[in-house]
Amino acid sequence: MTSSSRLIRRGAIAALAVGALTAAAMPTFASGGDRTDAVRSAIKGGKARNVILLIGDGMGDSEITIARNYAKGAAGRLALDTLPLTGEYTTYAVNKSDPSKPDYVTDSAASGSGWATGHKTYNGAISVTPDGKPQPTVLELAKKAGFRTGDVTTAELGDATPAVLSAHVADRSCEGPADMAKCPQQDKVNGGPGSISEQQVQTGADVYFGGGKARFAQTIKAGQFQGKTVLDQAAAAGYNVVSDAAGLAAAKPGKKVLGLFADGNMPLEWTGPLAKVGGTDPAKCTPNAQFSGPHLRDMANKAISLLDAQSKRGKKGFFLQIEGASIDKQDHAANPCGQIGENVEFDRAVQASLDYARHHRDTLVVVTADHGHTSQIIPLEAQSPGQTATLITADGSNMKINYATNTPGQSQEHTGTEVRIAAQGPQAANVVGVTDQTDLFHTLSRALGVRH
Ligand SMILES: [Zn+2]
């Protein structure tokens, strides 16, 4: 027995000792102390064996602060707050007809294409340039170089953020073979590579988890799989297709896994009062009784363990993107509890990734967003022309959240603000300062040692 463990047996002093040990084991960055050595030791160059990229869709600084205040209190910290190196990046898109001009408010397609390919493009584009050329994605480059790859979301798998890694189409709406109206060039009927879901099967990531089962059940119109569904195509490509939490838990390494856990987007974690004109009474959020698993943290843990097991014998590790998609979708809907529940669950996926990285220090973990969004914390006495809701936070205080980027009742809008990017592990220093979303492509590909 060491002297310190003897100490721990002694009541009051023990509590102090445990506190001190915890503080020493986990460098804190918000203590007011001198952080120079902690930041210096967090800077690592070189290659990463694994890269985990976590995207909170629409998770601007305001969304993070709202989630933190509600779940942890104003002085608390989320897991995503603990990454040692932080910067901000710009997110703007470009005009399709004149790419020399910025489109200041990006959507998830243009922004995701930025980090997926290193190229700015127009809103709606899925990893094609404004003149329609497909650009190789970091997932495709990683796969070609021998890394295992994964693409995880709480949205439909064919939604923009997961799609930018694993497909190239002119418009994000072209998710399934029956949705090709805006993508004649990619339509299989015209000899193209097919819809987003068909291309995702062809790209062949080892792990795809999300919603969007209905798109994969659509019928392919031409080519080798004419008359079959995209699910048939996936089975022929060797995918183990699973559709619920039990199937996810039972999935074994050795086979590629396609997990489709909802017909459309996956259900929300939390419910509560919608924001409305004139505001709401103070309330707390409640778990969504209609939730059917798996949670994002379950998908994150499973993806990490499958990819880790599959890459164990090889020289190369894995590249994995994990998206919390409905922070954005519930921001659009002026649904604060929906939004916060998704952000808190996303934070659990961040924690799962940090837990893995603690034992695999050659893992680059990046946590960021694709664009800013509507929700803002405003004074309790403020009279907004938009929709507001008041929530009772972990501090036991009231927090008034405002949605006012569009006429009340309409879908609320993205904003053009820069957003947070935080990282740890090899190459993480490249997120520090103010960078652009396209710079992240170069940080990721440098960490993986892949080029295009
Ligand atoms: Zn959105």
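Just above sits the structure.
Everything numeric in this text was worked out from a predicted model, so none of it was measured. (Residues numbered from 1 in each chain as written. Predicted model: local features only at pLDDT ≥ 70, side-chain atom pairs only at ≥ 80, totals over all residues. Heavy atoms only, no water.)

## Brief notes about the sheet that holds strand 15 (residues 387–392)
Right, on to step 1. If you walk across this open sheet you meet the four strands as 10-15-16-14, and the pairing is antiparallel. Strands at the two margins of the open sheet, each flanked by one partner only, are strand 10 (276–277) and strand 14 (376–378).
Right, on to step 2. Looking at chain direction, strand 15 and strand 16 (residues 398–403) are connected through six bridges and run antiparallel. Counted as the bridge partner of L391 is M399 from strand 16.
Right, on to step 3. Strands strand 14, strand 15 and strand 16 of the sheet are contacted by helix 4 (residues 61–71), whose axis makes an angle of about 60° with strand 14. (Pairing = 2+ DSSP bridges. Helix = DSSP H or I, 4+ residues; strand = E, 2+ residues; numbered from the N terminus. Contact = heavy atoms within 4.5 Å. Axes fitted to C-alpha atoms, helices over the stretch in contact; angles between N-to-C directions.)

## Regarding unusual backbone geometry
Right, on to step 1. The linkage connecting G293 with the following residue, P294, adopts the cis geometry, with an omega of -5°.
Right, on to step 2. Its place among the elements puts P294 in the loop between strand 11 (286–287) and helix 12 (296–311).
Right, on to step 3. You will see that S127, though not glycine, has its phi angle at about 50°, which is positive.
Right, on to step 4. Mapped onto the fold, S127 is located in the loop between helix 5 (108–117) and helix 6 (138–144).
Right, on to step 5. For S127, a relative accessible area of 1% puts it in the buried group. (Buried < 20%, exposed > 50% of the residue type's maximum accessible area, 1.4 Å probe, protein only.)

## Considerations on the state of the cysteines
Right, on to step 1. Counting across every chain of the model gives two disulfides.
Right, on to step 2. Two residues share a disulfide in this structure: C174 and C183, whose sulfurs sit 2.0 Å from each other. Disulfide C174-C183: torsion about the S-S bond near 95°, hence right-handed.
Right, on to step 3. For C174, a relative accessible area of 0% puts it in the buried group.
Right, on to step 4. For C183, a relative accessible area of 0% corresponds to the buried category.
Right, on to step 5. The disulfide that involves C285 links it to C337, with 2.0 Å between the sulfurs. On the S-S bond that ties C285 to C337, the torsion sits near -80°, and the link is left-handed. In this pair, C285 sits in the loop between strand 10 and strand 11 while C337 sits in helix 14 (residues 336–359), placing the two residues 52 residues apart along the sequence.
Right, on to step 6. Owing to a relative accessible area of 0%, C337 belongs among the buried residues under this scheme.
Right, on to step 7. Each disulfide of the protein chain joins two cysteines, and with those cysteines numbered along the sequence the arrangement is 1-2, 3-4. (Disulfide = S-S within 2.5 Å.)

## Structural notes on the coordination of the zinc ion
Right, on to step 1. Taken together, the protein ligands of the zinc ion are D328 (OD), D328 (OD), H332 (NE2) and H414 (NE2), with distances of 2.0 to 2.5 Å.
Right, on to step 2. In this structure, the zinc ion is surrounded by four donor atoms whose angles at the metal cover 56 to 150°, and the resulting shape is irregular.
Right, on to step 3. Each donor residue of the zinc ion belongs to the same chain, and together they define the spacing D-x3-H-x81-H. With D328 and H332 both in helix 13 (residues 326–332) and four residues apart, the pair spans about one turn of that helix.
Right, on to step 4. When its relative accessible area of 6% is taken as the criterion, D328 is described as buried. (Donors = N, O, S within 2.8 Å, 3.2 Å for Na, K, Ca; no water. Tetrahedral: all angles 85-135°; square planar, octahedral: opposite > 155°, others 65-115°.)

## Comments concerning the packing of helix 12 against helix 14
Right, on to step 1. Direction vectors running N to C along helix 12 and helix 14 enclose 25°, while the axes themselves pass 8 Å from each other. For the element pair helix 12 / helix 14, the angle class is roughly parallel. Helix-helix and strand crossings are classified by hand; for helix 12 and helix 14 the assignment is right-handed. Across the interface between the two elements, L296, R297, A300, N301, I304 and D308 of helix 12 pack against E345, F346, R348, A349, A352, S353 and Y356 of helix 14.
Right, on to step 2. Tallied by class, the residues present in the contact of helix 12 with helix 14 amount to seven nonpolar, two polar and four charged. (Parallel < 35°, antiparallel > 145°, perpendicular 65-115°, else oblique. Left-handed = near helix turned anticlockwise from the far one by under 90°. Nonpolar A, V, L, I, M, F, W, Y, C, P; charged D, E, K, R; others polar.)

## Looking at the sheet that holds strand 5 (residues 148–156)
Pairing between sheet strands relies on hydrogen bonds along the backbone, with the strands arranged either parallel or antiparallel.
Right, on to step 1. The strand order across the open sheet formed by 10 strands is 7-8-6-5-12-1-13-17-2-18, and the pairing between neighbours is mixed. Where the open sheet ends on each side, the last strands, each with one partner, are strand 7 (239–242) and strand 18 (433–436). Within this sheet the neighbouring strands show an average axis-to-axis angle of 15°, counted without direction.
Right, on to step 2. Bridging between strand 6 (residues 207–211) and strand 8 (residues 256–260) involves four bridges; their strand directions are parallel. Bridging from a neighbouring strand, Y208 pairs with L258 of strand 8.

## Quick look at the side chain of E323
Right, on to step 1. Examined against the element boundaries, E323 turns out to sit in strand 12 (residues 318–324).
Right, on to step 2. Nearest to the buried, unbridged E323 among oppositely charged side chains is K329, at 6.4 Å.
Right, on to step 3. Separated by 2.5 Å, the side chains of E323 and T153 make a polar contact.
Right, on to step 4. The residues touching E323, leaving out its near neighbours within four places in the chain, are I55, D57, V152, T153, T154, A155, T161, P162 and L296. (Lys, Arg positive; Asp, Glu negative; His and termini not counted. Salt bridge = Lys/Arg side-chain N within 4 Å of Asp/Glu carboxyl O. Polar contact = N/O pair within 3.5 Å; in protein donor to acceptor, adjacent residues only side chain to side chain.)

## A few points about the pattern of salt bridges
Right, on to step 1. On inspection of all chains with the given rule, the structure shows 18 salt bridges.
Right, on to step 2. Where E345 meets R348, a salt bridge forms, and the shortest distance between an N and an O atom there is 3.0 Å. Here E345 pairs with R348, and both are found in helix 14, just three residues apart, close to one helical turn.
Right, on to step 3. Taking the relative accessible area as the measure of exposure, E345 reaches 2% and is therefore buried.
Right, on to step 4. Each of D107, D159, R172 and K329 takes part in one network of salt bridges that share partners.

## Observations concerning a nonpolar patch on the surface
Right, on to step 1. A cluster of nonpolar side chains, namely Y92, Y104 and V105, defines an oily patch on the protein surface of about 310 Å² accessible area.
Right, on to step 2. Among the structural elements, Y104 can be located in the loop between strand 4 (102–103) and helix 5. (Patch = residues over 30% accessible without salt bridge, like charges linked within 9 Å, V, L, I, M, F, W, Y side chains within 5 Å. Areas by Shrake-Rupley, 256 points an atom, 1.4 Å probe, with all protein chains shown as cover.)

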